[in-house]
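# Fold and contact review
Here is how the chains run, residue by residue.
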Amino acid sequence: MPLVRVGWLLVIVLASVTPLRADPDEAPSPDATEVPKYEEFLVIPLRVHVLTSKELPEVDCKLADEDISRVLGKVNGIWHKAGIHWGLESLRREPAAEEERFKLARDLSGPGNLGMFRILAPRESRRFDGLHVYYIHKFAVNGVWLGDGVCFVQETAKLRPVEGGIDEPLPRVSAHELGHGLGLPHRQNRTNLLASGTTGTILNATEVKIAREYAEKLKGTKSVADLRKSAEGDEAILYWKWLAEIPGEGQDEAKKRHEELQAKAASSDKAEK
Ligand SMILES: [Zn+2]
């Protein structure tokens, strides 16, 4: 067979075996409505930073610990339908870094330059296998995914309400930015999580698949089986806390184990004093 014809044959064969990428407009992916089985959950460690500033009132964030735990609870309510749990590794209240450099960048490029907000993230608390959310008071957008594991969200976020949407903006904006962090692009269907500026929270099956594949590749992500292997120490207390937050058949056992580990740590603390 002449070489040219072999080439064409190869093209035809490849075209017939390569699955076509689903066009979201032609074949809509079904909404993810069921929380998957407990064992299928992936836990992504999350470090939350509340940035404070005396110099920059627009940065100085006033969110209280209760706000963060309420917001994160709702973020997880959204993401549990994808079998993804955001495990709070720590909550850092910290002064914004390099304020003078930030002011210079803002004066030079204007408030629309969102990349400059990265300057405010203290370097020492960036070292971490997981994703970061930085809360600030106010900027030109509700939130932005800056790449490299970092997003910024304004505590003064406002959204357009849509039917079935969430009751407050902050969890939705945080969950949306984390969606970008898991490789999801915008999908402007109003009532879904990746639509811009609405209270929608819906993820579809395609988005769940993409986000989970992405999560599996992230350094720091742990499966339920990984977390269960941890038996002793501070890490075990944290890991069993995350396991106790995942809905499903393993939750009660995890709560019990978490309480036992906490009690054990408390009694050994006393023994040392
Ligand atoms: Zn977005």
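Residues numbered from 1 in each chain as written. Predicted model: local features only at pLDDT ≥ 70, side-chain atom pairs only at ≥ 80, totals over all residues.

Further remarks concern unusual backbone geometry. The backbone of Glu-98 shows a phi angle near 45°, a positive value even though the residue is not glycine. Within the secondary structure layout, Glu-98 lies in the loop between β2 (84–95) and α3 (99–109). A residue is classified by how many C-beta atoms lie within 10 Å of it, and Glu-98, with 15 of them, is partly exposed. In this structure, Asp-148 is a non-glycine residue whose phi angle is positive, near 55°. Tracing the chain through its elements places Asp-148 in the loop between β4 (143–147) and β5 (150–154). Take Asp-148: there are 10 C-beta atoms within 10 Å of it, and that puts it in the exposed class. (Helix = DSSP H or I, 4+ residues; strand = E, 2+ residues; numbered from the N terminus. Buried ≥ 20, exposed ≤ 12 C-beta atoms within 10 Å, placed from the backbone.)

If you look at the biggest cluster of nonpolar residues, it comprises 61 residues, and the most contacted ones within it are Ile-44, Leu-51, Tyr-135, Ile-136, Cys-151 and Leu-243. Once residues within four sequence positions are removed from consideration, Ile-136 is found in contact with Leu-51, Val-59, Cys-61, Phe-152 and Gln-154. (Core = buried A, V, L, I, M, F, W, Y, C linked by C-beta atoms within 7 Å. Contact = placed C-beta atoms within 7 Å.)

Turning to the confidence of the model for the chain, a few remarks are in order. Of all residues in the chain, 89% have pLDDT values of 70 or greater, and the mean over the chain is 91. Every residue in residues 9–20 is under pLDDT 50, and counting partners more than four places away or in other chains gives zero contacts. (pLDDT = per-residue confidence, 0-100.)

Mapped onto the fold, His-137 is located in the loop between β3 (131–136) and β4. In this structure His-137 comes out as partly exposed when scored by C-beta crowding, with 18 C-beta atoms within 10 Å.

Another aspect to go through is the pairing of β2. On a regular strand, each side chain points to the face opposite its neighbour's, so the side chains alternate between the two faces of the sheet. Across eleven bridges, the pairing between strand β1 (residues 42–52) and β2 is parallel. Across the sheet, the residue bridging to Pro-45 is Gly-87, located in β2. Between the parallel elements β1 and β2, the chain passes through helix α2 (residues 65–79) in a crossover that is right-handed. (Pairing = 2+ DSSP bridges. Right-handed = clockwise from strand over helix to strand, strands pointing away.)

Time to look at the environment of Val-59. The topology assignment puts Val-59 in the loop between β1 and α2. In this structure Val-59 comes out as buried when scored by C-beta crowding, with 24 C-beta atoms within 10 Å. As for Val-59 and Phe-139, which are separated by 80 residues in sequence, their C-alpha atoms are 8.0 Å apart. In this structure Val-59 touches Leu-51, Ser-53, Ala-96, Leu-120, Ile-136 and His-137, once residues within four positions along its chain are discounted.

Turning our eyes to something else, we now look at the environment of Gln-154. Position of Gln-154 relative to the elements: it lies in strand β5. On the neighbour-count criterion, Gln-154 (22 C-beta atoms within 10 Å) is buried. Contact partners of Gln-154, with chain neighbours within four places excluded, come to Ile-136, His-137, Lys-138, Phe-139, Asn-142 and Gly-143.

The subject of this paragraph is helix α5 (residues 205–217). Under the 1.5 Å per step criterion, the end-to-end length of α5 is 19 Å for 13 residues, consistent within 8% with the ideal 18 Å. Buried within α5 are the following residues: Glu-207, Val-208, Ala-211 and Ala-215. For α5, the arc enclosing every buried residue in end-on projection is 100°, short of the 170-degree limit, so these residues lie on one face. Along α5, the residues that are exposed and aim more than 90 degrees away from the buried face are Glu-213, Glu-216 and Lys-217. Its buried side turned inward, α5 meets β1, β2 and α4 (169–181). (Expected span 1.5 Å × (residues − 1). Arc of directions from axis to C-beta.)

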